Amino acid sequence: MFDDLPPDLPRLLTLRVWHTLWLQRIDAKIAALQQREAEQEYGRTNRPAEPDWIVELGIGAGRPPIEVHVGGCYAAGKRRRPVPRDEARRLLTSGVRACGHCQPDNALGIPDLPAGPASPTAMH
């Protein structure tokens, strides 16, 4: 029989304690990883639905709407809020700019929108 363990009881007990501590560390790491994976899966399956329409908001008091986007548009800024279809149509017809990338005016079937307000950079 192959026996590479120490022959005396004190060293064997020390090894047992050492291995028990390592098993506890390994079990704690496994539990933490399983918990993280479960949380990620929960997040994937319970993510709120993407809104159909987004309005990008300006800076300052009142945060006025500056641009309308189709939900999920990559060009929408961080200051935004979801809006229902009717509000998106109302905003576009009242002169709020339509995103040139996702073109919500086309998606909403609003032909020939009036030109929105000029951007501050275009005035210089």
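An account of the accompanying structure is given in this report. (Residues numbered from 1 in each chain as written. Predicted model: local features only at pLDDT ≥ 70, side-chain atom pairs only at ≥ 80, totals over all residues. Heavy atoms only, no water.)

## Digging into a nonpolar patch on the surface
Put simply, the rule reads: Patch definition: residues with relative accessible area over 30% and no salt bridge; like charges joined within 9 Å; nonpolar side chains (Val, Leu, Ile, Met, Phe, Trp, Tyr) joined within 5 Å. Each accessible area is a Shrake-Rupley estimate made with a 1.4 Å probe; only the visible protein chains count as cover when residues are assessed. Should a side-chain nitrogen of Lys or Arg be within 4 Å of a carboxyl oxygen of Asp or Glu, the pair is scored as a salt bridge. Each residue is assigned to one of three classes by its accessible area relative to the maximum for its type, calculated with a 1.4 Å probe on protein chains only: buried under 20%, partly exposed between the two thresholds, exposed over 50%.
A grouping of Leu5, Leu9, Leu12, Leu13 and Leu15 is seen on the molecular surface, where their side chains present a nonpolar patch of about 440 Å² in accessible area. Here Leu13 falls in the partly exposed class, since its relative accessible area comes to 46%.

## Section: unusual backbone geometry
Using the following cut-off: The way it works is that DSSP assigns letters per residue, a run of H or I at least four long becomes a helix, a run of E at least two long becomes a strand, and they are numbered from the N terminus.
Despite not being glycine, Arg63 shows a phi value in the positive range, around 40°. A relative accessible area of 40% means that Arg63 is categorised as partly exposed. Even without being glycine, Gln103 reaches a positive phi, approximately 50°. Within the fold, Gln103 resides in the loop between strand S4 (97-98) and helix H3 (104-107).

## Quick notes on the sheet that holds strand S2 (residues 65-70)
How we decide: Two strands form a pair only when DSSP identifies at least two bridges running between them.
The strand order across the open sheet formed by four strands is S3-S1-S2-S4, and the pairing between neighbours is mixed. Bordering the open sheet on either side are strand S3 (80-83) and S4, each of which pairs with just one other strand. When strand S1 (residues 53-57) meets S2, the two strands line up antiparallel, connected through five bridges. Bridged to Ile54 within S2 is His69.

## A few points about helix H2 (residues 85-93)
Short version of the rule: It is the directions from the helix axis to the C-beta atoms that the arc portrays. What makes two residues a contact is simply this: any of their non-hydrogen atoms within 4.5 Å.
Residues of H2 that are buried include every one of Glu87, Ala88, Leu91 and Leu92, and no others. One face of H2 carries all of its buried residues, which in axial projection span an arc of 135°. For H2, the elements touching its buried residues are S1, S2, S3, S4 and H3. Taken from the residues just after H2, Gly95 is the one with a positive phi, measuring 110°.

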